[in-house]
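# What the coordinates show
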Amino acid sequence: IVHKSMASACRFSYIRSSSRLTTFSRHLARVMRASSFVTVSAQLLVLIVFLCLCMATGVSASNEYVYSPRTQRSAVEHTRPASCPTLRELLCEPGPPGEIGHPGIPGPRGLDGLPGVNGDPGMRGRPGDIGLPGPSGERGPQGNSGSKGPPGNIGLTGQPGPQGNSGLSGPPGPIGEPGPQGNDGTHGRPGEIGPPGLSGEPGVQGMPGPIGAPGLHGLEGKEGPPGLISGGVVYTRWGKDSCPNGAELLYAGRAGGTKWSHTGGAANYICMPSDPEYSDYQPGVQGYSPVTWIEYETQDLKQEYNAPCASCYVPTRIATVMIPAKLTCPSSWTKEYAGYLMASRISSPHYRTEFVCVDSNAGVLPGSAGNSPNAGVFYFTEASCDGMPCGPYHAEKELTCVVCTK
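Worth saying up front: this structure is predicted, and the values here are computed from it rather than measured.

## Some words on the overall build of the protein chain
Each helix and strand counted, the protein chain has four helices and twelve strands in total. Sequence-distant contacts, at least 24 apart, represent 71% of the contacts inside the protein chain between residues at least 6 apart. For the protein chain, the exposed area adds up to about 33200 Å²; of that, 57% sits on carbon and sulfur atoms.

What follows is the structure in structure tokens.
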């Protein structure tokens, strides 16, 4: 029990190294080991006295103030001198290490230590970087004029200036002495013809001379200005409602005539205006001589459409002609338009009409499509070889035509 109590006491304090206390502790240990005759009570009393001594001396010996340069404060540190053995080392056998105890409660803040002595000055730092330039200062006052410098060297010779204007003519000089006589000059050119002399009296009429040879043909004179207009020329353009360039449109309309099956009425085609005007009339359809519209029977896109027409006037021409089987006009004539020669059909019950030249680019009247039993007709025409040689004509080719003016 004594040994275990002393071993427990070893964990609470350290004993400062002093010759008196060390000798006492060693002597006390030998006495307690040798005194088997001492009672347990006496040993406990000796232990309590020893513990009081240890605590009185150990606490004061183990607490020292240490100044920390890092924290600039004094702190209490628990130290154990190397020459101070513990009671466990003196009296107890080494036991197994104990478990790690719980962290102790933080002690009170220590007193501030005295300020430390100033250290030596540190080494000089490297020069700093060059700073940014400061703002420009105000302009200083104008300085005094400098002293006059020495004269400069003579400059190079300049280029000659431009030539000046000619001076005024001087007065004529005095007349010189006459020179020696020169050689005879060459003959001069004939002088100019003098004015005609006065008319003499008429002489006796001579005999007529022989007829001279005819002179050369003179140059063709310039074309004279256009003469006065004397009427002009009018023609009908079948299949179009407009006139060619250079011609004036008198009126536009649609082709009209007699029904193809009528035996009476007119045989020719006429261009009916699109804006008729009426005078006195008798109400009701009389039916004596009806005029009907002419439609194409061409077996193409114009099939059974009504044909338009135009009446054209050329003020600078005096003659017009329709030439069948031609597309060009004679020289010095003007081509008005070209197309195909057309007329009514020859088979019964069709009756005769006239031949007209329908424009090759013929148009149609909008909204007039459809076969009308009362209309006149335009058929293509072809040359027939019955009873005569065809020569240059071809029986299977549609005949053309052209309208010319002059």
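## Here's the deal with the confidence of the model for the protein chain
When the pLDDT values of the protein chain are averaged, the result is 76; 75% of them are 70 or greater. Note on residues 5–19: pLDDT is under 50 here. Beyond four places in sequence and across chains, it has 31 contacts. Segment residues 58–84: pLDDT under 50, and 48 contacts once partners within four positions in sequence are set aside and those in other chains are kept.

## Topic: the nonpolar core
As a rule of thumb, soluble globular proteins bury nonpolar side chains together. In this structure, Tyr235, Trp238, Val358 and Phe378 are the most contacted members of the largest nonpolar core, which totals 27 residues. For this core, the secondary-structure elements that each account for two or more residues are β3 (233–238), β6 (292–296), β7 (308–314), β9 (334–343), β10 (356–359) and β12 (400–405). Not counting residues up to four positions away in its chain, the partners in contact with phenylalanine 378 are Trp238, Ala255, Tyr269, Ile294, Glu295, Tyr296, Glu297, Ala307, Met342, Ala343, Val356 and Val358.

## Some points on the state of the cysteines
The tally for this structure, following the rule as stated, stands at four disulfides. The side chain of cysteine 243 participates in a disulfide bridge whose partner is cysteine 312; the two sulfur atoms lie 2.0 Å from each other. Between cysteine 243 and cysteine 312 the disulfide shows an S-S torsion of about -95 degrees. By sign, it is left-handed. Placement of the pair is cysteine 243 in the loop between β3 and β4 (248–257) and cysteine 312 in strand β7, with a sequence separation of 69 residues. Taking relative accessible area as the criterion, cysteine 243 reaches 17% and is therefore assigned buried. Linked covalently through their sulfurs, cysteine 271 and cysteine 309 form a disulfide whose S-S length is 1.9 Å. Across the S-S bond linking cysteine 271 and cysteine 309, the dihedral sits near 95 degrees, which makes this disulfide right-handed. With cysteine 271 in strand β5 (residues 270–273) and cysteine 309 in strand β7, the pair connects residues that are 38 residues apart, well separated along the chain. Of the two residues examined, cysteine 271 and cysteine 309, each falls in the buried class.

## Notes on the side chain of glutamate 295
Tracing the backbone shows glutamate 295 in strand β6. Here glutamate 295 is buried and forms no salt bridge, its nearest opposite-charge partner arginine 254 lying at an N-O distance of 9.7 Å. Apart from the residues lying within four places of it in its own chain, the contact partners of glutamate 295 are Glu304, Tyr305, Asn306, Gly370, Asn371, Ser372, Ala375, Gly376, Val377 and Phe378.

## Overview of the side chain of threonine 381
Here threonine 381 is to be found in the loop between β11 (376–380) and β12. The buried category is assigned to threonine 381, whose relative accessible area is 11%. In this structure the side chain of threonine 381 is engaged in a polar contact, spanning 2.8 Å, whose partner is the backbone oxygen of leucine 341. Setting aside residues no more than four positions away along its own chain, threonine 381 makes contact with Leu341, Met342, Ala343, Phe355, Lys397, Glu398 and Leu399.

## Observations regarding unusual backbone geometry
Despite not being glycine, glutamate 304 has its phi angle at roughly 65 degrees, a positive value. Considering the arrangement of structural elements, one finds glutamate 304 in the loop between β6 and β7. The phi dihedral of serine 332 falls on the positive side, at around 70 degrees, and the residue is not glycine. Considering the arrangement of structural elements, one finds serine 332 in the loop between β8 (320–324) and β9. With relative accessibility at 54%, the residue serine 332 sits in the exposed group.

## Re the pairing of β4
Sheet analysis places β4 next to β7, joined by six bridges and oriented antiparallel. By the bridge assignment, leucine 249 is partnered in β7 with cysteine 312. Relative to β6, β4 runs antiparallel, the two being bridged by two bridges. Across the sheet, glycine 256 pairs through a bridge with tryptophan 293, a residue of β6.

## A closer look at the pattern of salt bridges
Here the structure, examined in full by the defined rule, presents four salt bridges. Two residues, aspartate 300 and lysine 302, come together in a salt bridge whose shortest N-O distance is 3.2 Å.

## Brief notes about the pairing of β6
Within a regular strand, side chains alternate between the sheet's two faces. In terms of burial, β6 is a largely internal element, four of the five residues being buried. Two elements, β6 and β11, share three bridges in a ladder whose sense is parallel. Looking across to β11, one finds that tyrosine 296 is bridged to phenylalanine 378.

## Notes on the environment of valine 356
Locating valine 356 in the fold gives a position in strand β10. Valine 356 gets classed as buried once you look at its relative accessible area, which sits at 4%. Taking the C-alpha atoms as reference points, valine 356 and methionine 342, separated by 14 residues in sequence, lie 5.6 Å from one another. Here valine 356 is in contact with Trp238, Tyr269, Tyr340, Leu341, Met342 and Phe378, once residues within four sequence places are set aside.

## A short note on the packing of aromatic side chains
Tallied over the full model, the rule gives five aromatic pairs. A ring pair is formed by tryptophan 238 and phenylalanine 378, whose centres lie 6.4 Å apart and whose planes are at 80 degrees; its orientation type is edge-to-face. You can see tryptophan 238 sitting in strand β3 and its partner phenylalanine 378 sitting in strand β11, a full 140 residues away along the chain. Judged on exposure class, the residue tryptophan 238 and its partner phenylalanine 378 are both buried. Aromatic side chains tyrosine 269 and phenylalanine 378 sit 4.8 Å apart centroid to centroid with 70 degrees between the ring planes, which places their arrangement in the edge-to-face category. Taken together, the residues tyrosine 269 in the loop between β4 and β5 and phenylalanine 378 in strand β11 connect sequence positions 109 residues apart. Judged by relative accessible area, which is 5%, tyrosine 269 ranks as buried. Look at phenylalanine 378 and you get buried, because its relative accessible area is 0%. Grouping aromatic residues by their ring pairs yields a cluster made of Trp238, Tyr269, Tyr296 and Phe378. Taking the ring centre of tryptophan 293 as reference, the NZ or CZ of arginine 254 above it sits at 4.6 Å. When the ring centre of tyrosine 296 is taken as reference, the NZ or CZ atom of lysine 302 above it lies at 6.0 Å.

Criteria and thresholds
Throughout this description, residue numbers start from 1 for each chain and increase along the sequence as written. Side-chain atom pairs in this predicted model are given and counted only at pLDDT of 80 or more, local residue features only at pLDDT of at least 70, and totals for whole chains, interfaces and linings cover all residues. Values shown for side chains rest on all heavy atoms present in the structure; no hydrogens or waters enter the calculation. The helix count covers DSSP runs of H or I at least four residues long, the strand count covers runs of E at least two residues long, and both are numbered beginning at the N terminus. Residue contacts are defined here by distance: any two heavy atoms, one from each residue, within 4.5 Å place the two residues in contact. Per-residue accessibility takes into account occlusion by the displayed protein chains alone, with areas from the Shrake-Rupley method and a 1.4 Å probe. Per-residue confidence from the prediction method is given by pLDDT, with values spanning 0 to 100. What is meant by a nonpolar core is a set of buried Ala, Val, Leu, Ile, Met, Phe, Trp, Tyr and Cys residues, joined one to another through side-chain atoms within 4.5 Å. Between buried and exposed lies partly exposed: a residue is buried under 20% and exposed over 50% of the maximum accessible area for its type, with that area taken using a 1.4 Å probe on protein chains only. The disulfide criterion used throughout: a pair of cysteine sulfur atoms within 2.5 Å. Two residue types count as positive, namely Lys and Arg, and two as negative, namely Asp and Glu; His and chain ends fall outside the count. Salt bridges are identified by distance alone: a Lys or Arg side-chain nitrogen within 4 Å of an Asp or Glu carboxyl oxygen. In protein, a polar contact requires one atom able to donate a hydrogen and another able to accept it; more generally it is a pair of N or O atoms within 3.5 Å, and residues adjacent in sequence count only if both atoms are side-chain atoms. At least two DSSP bridges between two strands are needed for those strands to be called paired. Geometry of aromatic contacts follows a simple scheme: Phe, Tyr and Trp rings, the Trp one being its six-membered ring, pair when their centres are within 6.5 Å, and the pair is stacked under 30 degrees between planes, edge-to-face over 60, tilted otherwise. As a reminder, the over-ring test applies to NZ of lysine and CZ of arginine, requiring each to be within 6 Å of the ring centre and within 35 degrees of the ring normal.

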